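Notes for the structure review
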Amino acid sequence: MQLYKIAKPFILTIFGASGDLAKIKLFPALYSLMEQKRLPKEFYIVGFARTEKSDKEFKKEFTDSIKENQNEPTDKKILFELEKHVYYFKGQYNDLKDFQNFKEYLKNLTGEKSLITLAYFSVPPIVFEDIIKNLGTTKEKNEDIRLIMEKPFGEDQKSAKNLFHFVARYFDEDSIYLLDHYLGKSSVQSILHLRHSNRILNLMMKGPEISNIQITAFEKLGVTKRTGYFDQVGTIKDMIQSHLMQILALLTMSIPITENTESLHREKYSILSALKFIESEKNIVLGQYEGYKKEKGIPKNSKTETFAAIRLFIDRESWYKTPIYIRTGKKLHEKHTYIVIELKKFAFQPKDEQPNRLIIELQPEEKINIRLVNKHGSSSDYQQITTSDSIACTGDDCLPEHGLLILDVIRKNHINFLSFEEIISTWKLTDSIVNFMRKNSVKIEKYKDESTGPESQNKLTEIDNFEWFDIH
Ligand code: BG6
């Protein structure tokens, strides 16, 4: 199969080019695109940020962060070739004059050509509006600017709505790409394909067949350098509102017959807006790792959760009474993201017999396995038969999340991006959880660094007589 390559020259402007997001995710993805020869001859990667810096200094930062964050060893030649396309411009986000100068700067750089411009936001949400306004104001008629905006989109439903109204004043919906990098993971993209292409799985993955769904996203890293941002938001807003809700939607949404962006977004929105958190302390467990307050920049009295487990339901006839458990946390024993779908048992099955399970592991390994129960010979023991396979993307055409998503933006394909409506509906649910937490001062349990998280996460599944399924 022919790999998709970008044919036309383009400019990628990175606002907040010294930010962690750009360094950890975007720059290594650009390297992979270069390595796979997906980039055209002519393209410009321009860092735009407030700090004084020369092109040379920025090129070094760019290549250093690739070396640091690329899983495989990097090739000097490729880095050298890529670096030739890298530039830096110093500007203030709230200064229209700087944006006017930037326009002139780009014209000089590209020789007055009108190229597709991807404007990537790697900045704190507080400066989103300044950039949007100045970019919009200096945009020329017929200029093709595509905004790539990465979460967080506001901090609650109200601010997200305001942001979307604001951006709509300057840009058409078609030129806005709302990015959740989990939708760029090939393992996450495969969820819908697995359901769509396999009748056997499709029949299993229906509400009336499922006793419960568990989504686990353990992280080994702590808060890293992003203390300022993280302490303001906490795990529920940082991970559940976005990435984990998206996974849940892909698992439970109706599958549109025509796989086009509109129908996919419609179905995703429909299921997301049916999610329900029943306000009760029984349905939520919060934790904070012991070393959190010792992290540089974290207030000593911080009440921010670094672990959260919640119990949700879907307000739909077919999902009636199927509990959904989501847990995620930082500074845990391992990096592991997986989904466990437990099937209902027959009424006549012994209570202690394990249920059938469908397990989808998303990272670090991408695997799917089905566990069946069988009677073992003539004894009364039961045996778990596991059929397991890797669904990992292997070979030279595998790209990291941001690589795949940049190709989508170039192709004007919104299918792996979010819609405004989806984001608003996940904020609505998140607001209800967060407001409940605050109103009732839900206890934040301490847990040991590198442990499996707070003990009381088990009480969540016990309500329904289930247990978290841990993969070892
Ligand atoms: C980001 C969150 O969106 O996703 C981080 O802000 C989190 O806190 C990260 O660590 C996890 O992404 P991944 O791809 O490493 O699972």
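Residues numbered from 1 in each chain as written. Predicted model: local features only at pLDDT ≥ 70, side-chain atom pairs only at ≥ 80, totals over all residues. Heavy atoms only, no water.

**Let's talk about the nonpolar core**
Short version of the rule: For this analysis, a nonpolar core means a set of buried residues of the types Ala, Val, Leu, Ile, Met, Phe, Trp, Tyr and Cys, connected via side-chain atoms within 4.5 Å. Only protein chains enter the accessibility calculation, which uses a 1.4 Å probe. A residue is then buried if its area is under 20% of the maximum for its type, exposed if over 50%, and partly exposed in between. In what follows, residue pairs with any heavy atoms lying within 4.5 Å of each other are defined as contacts.
Counting 127 residues, the largest nonpolar core has M149, L251 and I284 as its most contacted members. Beyond its immediate stretch of four places on either side in the chain, I284 contacts I236, F277, A309, I310, I433, F436, M437, V442, K459 and L460. Within the second largest apolar cluster, 19 residues are counted, among which are Y292, V340, Y447 and I471.

**Section: the site of the ligand**
As a reminder of what qualifies: Any residue with a heavy atom lying within 4 Å of a molecule or strand is counted as near it. N or O atoms within 3.5 Å of each other form a polar contact, as long as, within protein, one can give a hydrogen and the other can take it, and as long as residues adjacent in sequence are counted only when both atoms are side-chain atoms. Only the protein chains shown count as cover for residues, and the accessible areas themselves come from Shrake-Rupley with a 1.4 Å probe. Numbered from the N terminus, helices here are DSSP runs of H or I no shorter than four residues, and strands are runs of E no shorter than two. Each residue is assigned to one class: nonpolar for Ala, Val, Leu, Ile, Met, Phe, Trp, Tyr, Cys and Pro, charged for Asp, Glu, Lys and Arg, and polar for all the others, Gly among them.
Around the ligand sit 14 residues in total, of which Y182, K185, E219, D238 and H243 are the nearest. Measuring from an oxygen atom of the ligand, one finds a side-chain N or O atom of Y182 at 2.4 Å. The separation between an oxygen atom of the ligand and a polar side-chain atom of Q363 is 2.7 Å. In the complex, 83% of the free accessible area of the ligand, which totals 400 Å², lies under the protein chains. Take the shell around the ligand: its biggest share by element is three residues, from helix 9 (residues 227-252). Residue classes in the shell around the ligand are distributed as two nonpolar, three polar and nine charged.

**What about a negative patch on the surface?**
The following threshold applies: Patch membership requires more than 30% relative accessible area and the absence of a salt bridge. Residues of like charge join within 9 Å; the nonpolar side chains Val, Leu, Ile, Met, Phe, Trp and Tyr join within 5 Å. One speaks of a salt bridge when a side-chain nitrogen belonging to Lys or Arg is within 4 Å of a carboxyl oxygen belonging to Asp or Glu. Counted as positive: Lys and Arg. Counted as negative: Asp and Glu, with His and the chain ends omitted from the count. All charge positions are set by atom: Lys at NZ, Arg at CZ, Asp at CG, Glu at CD.
A contiguous patch of negative charge, built from D172, E173, D174 and E421, is present on the exposed surface. For E421, the position within the fold is in helix 12 (residues 420-439). You can call E421 partly exposed: its relative accessible area is 41%.

**Observations concerning the state of the cysteines**
In protein chemistry, a disulfide is the covalent bond that joins the sulfur atoms of two cysteines. Convention followed: To count as a disulfide, a pair of cysteine sulfur atoms needs to be within 2.5 Å.
According to the stated counting rule, one finds one disulfide in the structure shown. Covalently, C393 is tied to C398 through a disulfide, its sulfur atoms 2.1 Å apart. Given an S-S torsion of about -110°, the disulfide between C393 and C398 has left-handed geometry.

**Description of the sheet that holds strand 6 (residues 176-179)**
Inclusion rule: Each pair of strands is called paired provided DSSP finds at least two bridges between the two strands. With axes taken as lines fitted to C-alpha atoms, and helix axes fitted only over the stretch in contact, angles between N-to-C directions fall between 0 and 180 degrees.
Taken in spatial order, the six strands make up an open sheet running 3-2-1-4-5-6, and their pairing is parallel. Whereas interior strands pair on both sides, the edge strands pair on one side only; in this sheet they are strand 3 (86-90) and strand 6. Neighbouring strand axes in the sheet, compared pairwise and without regard to direction, differ in orientation by 20° on average. As paired strands, strand 1 (residues 10-15) and strand 4 (residues 116-121) are joined by six bridges and run parallel to one another. By the bridge assignment for strand 4, F15 is matched with F121. Contacting strand 1, strand 2 (43-49), strand 4 and strand 5 (145-150), helix 1 (residues 20-35) crosses the sheet at an angle of about 165° to strand 1. Here helix 5 (residues 128-138) sits on the sheet in contact with strand 1, strand 4 and strand 5, set at roughly 175° to strand 5.

**Remarks on helix 1**
Our working definition: Here the expected span of a helix is defined as 1.5 Å times the quantity of residues minus one. At every residue, the bend is computed as the angle between two fitted axes, covering the seven residues ending there and the seven beginning there respectively.
The end-to-end C-alpha separation of helix 1 is 22 Å, in line with the 22 Å expected for 16 residues at 1.5 Å each. Where helix 1 bends most, the angle comes to about 30°, and this point is L26, followed within four residues by the proline P28. When helix 1 is considered as a whole, its buried residues turn out to be A22, L26, F27, P28, A29, L30, Y31, S32, L33 and M34. Immediately downstream of helix 1, the backbone of K37 shows phi near 55°, a positive value.

**Observations regarding the packing of helix 7 (residues 186-197) against helix 9**
Two quantities define a packed helix pair, namely the angle between the helix axes and the distance between the axes. Applied cut-off: Oblique is the label for every angle not falling under 35 degrees (roughly parallel), over 145 degrees (roughly antiparallel), or within 65 to 115 degrees (roughly perpendicular).
Close contact between helix 7 and helix 9 brings their axes to 9 Å; oriented N to C, the two are set at 10°. Here helix 7 lies roughly parallel to helix 9, going by the angle between them. Facing helix 7, whose interface residues are V188, I191, L192 and R195, helix 9 presents I247, L250, L251 and T252. Taken together, the residues of the contact of helix 7 with helix 9 sort by class into six nonpolar, one polar and one charged.

**Focus on the environment of Q70**
With respect to the helices, strands and loops of the structure, Q70 is situated in the loop between helix 2 (55-69) and helix 3 (76-83). Expressed as a C-alpha distance, the spacing of Q70 and K185, which sit 115 residues apart in the sequence, is 16 Å. Among residues more than four places away in sequence, those in contact with Q70 are P28, Y31 and S32.

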